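# Fold and geometry: a report
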Amino acid sequence: MEVFDNINETAQRTDRGRKRKETARAYKTVGKMRRANGGYIPTVSCNHVSTPLCCADQLKPESLVQMFETFCSQSSHADQNSMLISLMDVSAPSRARIDETERKRGRDVTIKYNVVTSTSGRLPVCKASFMSILNVKKDRLSRLANNFLKEGAPRKERRGGSRQTPEMVEFKESIVSHIETFTCRASHYARRGAPGRKYLPSDMNVAKMRQLFNEQNHRQASYALYYSIFLHRFNLAFGHPAKDICSDCLRFRIQLRQDLPEAQKRAKAVAFLLHRRRARKFYDLMDNVDDSLTLCFDVMENLVLPKTSIGQAYYSRQLYMYVFAVVRHEGRGQSVPLRNVFLYTWMETQNKKDSNVIASAVEHALTGFGESFQGRKVRLFSDSCFGQNKNFSMVSLLHSFRKRHIPNSSIQYFFPIRGHSYLPADRVFGRIEQDIRKKALILLPSEYIDILKRHGTVFQYGKDWFVKDYKKEVASFLKTQKGFRVSDARVLQFNNDKVGFKSVYEGPFCEHSILKKGKRWVDFVPEVIGDISCVKKKRRRTFAIYWTVLVSVMMSGHSMIVGSYQLLLQRIQNLMKIRFTVFI
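Residues numbered from 1 in each chain as written. Predicted model: local features only at pLDDT ≥ 70, side-chain atom pairs only at ≥ 80, totals over all residues. Heavy atoms only, no water.

### Some details on the nonpolar core
- In terms of nonpolar packing, the biggest core is built from 49 residues, with F324, V326, Y344, L380, Y413, W465 and L492 touching the most fellow members.
- Apart from residues lying up to four places away in sequence, W465 is in contact with Y344, T345, W346, V357, S360, A361, H364, F459 and Q460.
- In this structure, L64, L87, V109 and L144 belong to the second largest nonpolar core, which totals 26 residues. (Core = buried A, V, L, I, M, F, W, Y, C linked by side-chain atoms within 4.5 Å. Buried < 20%, exposed > 50% of the residue type's maximum accessible area, 1.4 Å probe, protein only. Contact = heavy atoms within 4.5 Å.)

### Side note on the side chain of E363
- Within the secondary structure, E363 is located in helix α11 (residues 355-368).
- Assessed through its relative accessible area of 11%, E363 is described here as buried.
- With sequence-adjacent residues up to four places away left out, E363 is seen in contact with L397, R404, K468 and Y470. (Helix = DSSP H or I, 4+ residues; strand = E, 2+ residues; numbered from the N terminus.)

### Thoughts on the sheet that holds strand β2 (residues 88-91)
- With respect to topology, 3 strands assemble into an open sheet ordered β2-β3-β4, the strand pairing being antiparallel. Each having just a single partner strand, β2 and β4 (121-125) make up the two edges of the open sheet. Each neighbouring strand pair of the sheet contributes to a mean axis angle of 30°, computed without reference to strand direction.
- Pairing of β2 with strand β3 (residues 110-117), which is carried by 4 bridges, proceeds in the antiparallel orientation. Bridging across to β3, S91 finds its partner in T110.
- On top of the sheet, helix α5 (residues 138-151) reaches β2 and β3; it is set at about 50° to β2, its chief contact. (Pairing = 2+ DSSP bridges. Axes fitted to C-alpha atoms, helices over the stretch in contact; angles between N-to-C directions.)

### Section: the packing of aromatic side chains
- As enumerated under the stated definition, the model contains 25 aromatic pairs in all.
- Between F297 and F324, the ring centres sit 5.8 Å apart and the planes meet at 55°, which makes this aromatic pair tilted. Of this pair, F297 sits in strand β8 (residues 293-299) while F324 sits in strand β10 (residues 319-329); the two residues are 27 residues apart in sequence, bridging distant segments of the chain. Of the two residues, F297 and F324, neither departs from the other in class, the shared state being buried.
- Here the guanidinium or amino end of R251 rests over the ring plane of F252, the centre of that ring lying 4.6 Å away. (Phe/Tyr/Trp six-rings, centres within 6.5 Å; stacked < 30°, edge-to-face > 60°. Lys NZ or Arg CZ within 6 Å of the ring centre and 35° of its normal.)

### Details of the packing of helix α3 (residues 77-86) against α5
- The interhelical angle for the contact between α3 and α5, taken along N-to-C directions, is 75°, at an axis separation of 11 Å. On the basis of the axis angle, α3 is roughly perpendicular to α5. Of the residues in α5, those in contact with H77, Q80, N81, L84 and I85 of α3 are R140, L141, L144 and F148.
- Of the residues belonging to the contact of α3 with α5, the class tally is 5 nonpolar, 3 polar and 1 charged. (Parallel < 35°, antiparallel > 145°, perpendicular 65-115°, else oblique. Nonpolar A, V, L, I, M, F, W, Y, C, P; charged D, E, K, R; others polar.)

### Observations regarding the packing of helix α6 (residues 166-180) against helix α7 (residues 206-217)
- For the pair α6 and α7, interaxial distance at closest approach is 11 Å and the crossing angle is 115°. Crossing handedness for the pair α6 and α7: right-handed. From α6, F171, S174, I175, H178 and I179 reach across to α7, where they touch M209, L212, F213 and Q216.
- Along the lines of polarity and charge, the residues of the contact of α6 with α7 split into 6 nonpolar, 3 polar and no charged. (Left-handed = near helix turned anticlockwise from the far one by under 90°.)

### Looking at the pairing of β3
- Pairing between β3 and β4: 5 bridges, direction antiparallel. Each residue of the ladder has a partner; that of T117, found in β4, is G121.
- In this antiparallel pair of consecutive strands, β3 and β4, the connection spans 3 residues.

### Considering the confidence of the model for the protein
- The predicted model of the protein averages 80 in pLDDT, with 79% of residues at 70 or higher.
- Considering each helix and strand of the protein separately, the mean pLDDT is smallest for helix α17 (residues 562-576), with a value of 57, and largest for strand β14 (residues 457-460), with 94.
- Segment residues 1-6 is flagged for pLDDT under 50; beyond a separation of four residues in sequence, or across chains, it makes 32 contacts in the model.
- Here residues 557-562 is modelled with pLDDT under 50, and outside its nearest four sequence neighbours on either side it reaches 3 contacts, counting other chains as well. (pLDDT = per-residue confidence, 0-100.)

### Some words on the sheet that holds strand β6 (residues 198-200)
- Read from one edge to the other, the open sheet built from 4 strands follows the order β1-β5-β6-β7, with strand pairing classed as mixed. Edge strands, defined here as strands with exactly one partner in the open sheet, are β1 (9-10) and β7 (236-238).

### Looking at the environment of L260
- Residue placement: L260 occurs in the loop between α9 (247-257) and α10 (262-287).
- Assessed through its relative accessible area of 23%, L260 is described here as partly exposed.

### Points about unusual backbone geometry
- Its identity is not glycine, yet N135 carries a phi of approximately 60°, on the positive side.
- Of note, N135 is situated in the loop between α4 (127-134) and α5.
- In this structure, H218 takes a positive phi of about 55° despite not being glycine.
- Following the sequence through the fold, H218 ends up in the loop between α7 and α8 (223-233).

### Some remarks on the environment of T117
- Tracing the chain through its elements places T117 in strand β3.
- Its relative accessible area of 9% is what places T117 among the buried residues.
- Along the backbone, T117 and Q66 are 51 residues apart, and their C-alpha atoms lie at a distance of 8.2 Å.
- Excluding residues that lie within four positions of it along the chain, T117 makes contacts with L59 and S63.

### Topic: the pattern of salt bridges
- Across all of its chains, the model carries 15 salt bridges by this definition.
- Between E173 and R233 there is a salt bridge; the shortest N-O distance is 3.7 Å. Placement of the pair is E173 in helix α6 and R233 in helix α8, with a sequence separation of 60 residues.
- In this structure, D435 and R454 form a salt bridge, with 3.7 Å as the shortest nitrogen-oxygen distance. Here R454 lies in the loop between α14 (445-452) and β14 and D435 lies in helix α13 (residues 424-437), a separation of 19 residues in the sequence.
- Counted as one network, the salt bridges with shared partners bring together E363, R404 and K468. (Salt bridge = Lys/Arg side-chain N within 4 Å of Asp/Glu carboxyl O.)

Structural data, given as structure tokens:
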């Protein structure tokens, strides 16, 4: 069985499986709903005029409706049957059966029908009127009469109820427990097509899983039963979306499929196994929380403005909104409450997506979690993006923060193997994307902010946090020759003025001094920088033209007043810092 590289977790049953169970068809309940909603009007179906066997002509329309409502108000089908029997006089035929050789046959039962009114009491009616008043079929009446004649009691309810025996329920639960023993993982990037779906190894299928179940439990489960439980109680698939996969894993897999000498193939297999063990070590360390404060952070996929179903929007060079998440991780399988999720937002027109922004957001998040330190070790986990977090701007930030705020604690910073960087922050992004997909049109950043607030605490650039110039300060504080390359780091440690460096997850740290002579980390205080727009002039022009056309189309086909659209354009102009010419 294939061993996964990222976060392994056991399969879990869900309220909504990969496919929903079929519900009861509507046509079976049309008549029932029509009766319950008063869609049926009771009538008299005969023309008898006050005969001893039928007095239906004496019934008023109000009495007919009252009788029908009383019949429909019975709580169950069995209670309705009891009411019908009380209105029927059932007896054996008084005349003997005619010989079977003759053309006519004798009756098995004799039935006299009655209705009860509040004014006239009990009145006899014919079978046709009895059926039309209560809206019942003749077959139902004959079954009730025959059963009453044989058993002396109304017909018992044999419909509904559980068709599952305790043995079958226990058998199905054993299948569910067997499926839960398999390990799976979520997709890092391909969440859009199948939200919440987890993936089993690619060399496994339902037939193999069923065969394993039969062998382990010494019981024979049919393929249809096993597949039905797999389909409706679990949101699982096989394989894994081949998107942003590890290049080393792909290279090893291709080499193992080639015709190589046995010794060389064995060496490749061992190297592949060691590579995946190193990748899993990152997640084992992350889940081993103990008494430390563990924070994971990552940048979300760019959010586009405007988000619309118009195809030309893709070619209009849309404006980007950036989201950076800092999540407190409390261990494998633990839920993430909203208080443990910090979401930092900024626009493409406000600042870049570089190390200055990421370091400023991380510093703000660490300050927000300040009450949770209490002398504990701080552990940070992120991907290995050099332009954002794996650089000396982040190293300098962590040094100065520890020196100024938690001098008695240590900070450790872990980086994953390339291609194996699925973090708890990505789970938060998946839930956010599910809410964004539900909205077909998003025009302003505030609409994105409202969605983000459902998943964590949102901090908006320029209002709740600001960007500091770490790059400029690093140049004046750090040596030119550091003695190590931060790009080779797997773990960094900060517990004194030196940097603890490891290129593997195991073993001791190698300490390096990177601070210039005469400098102190407590004096490392970068200055706040202003807005830096990343939108080029040509892109602004294309964006402006598209917005004018979009708003013009909206105004021509929408009942909103012109002033509201002018206000919308004014807000967008302030956002883009350019002027629009509206063609309306």
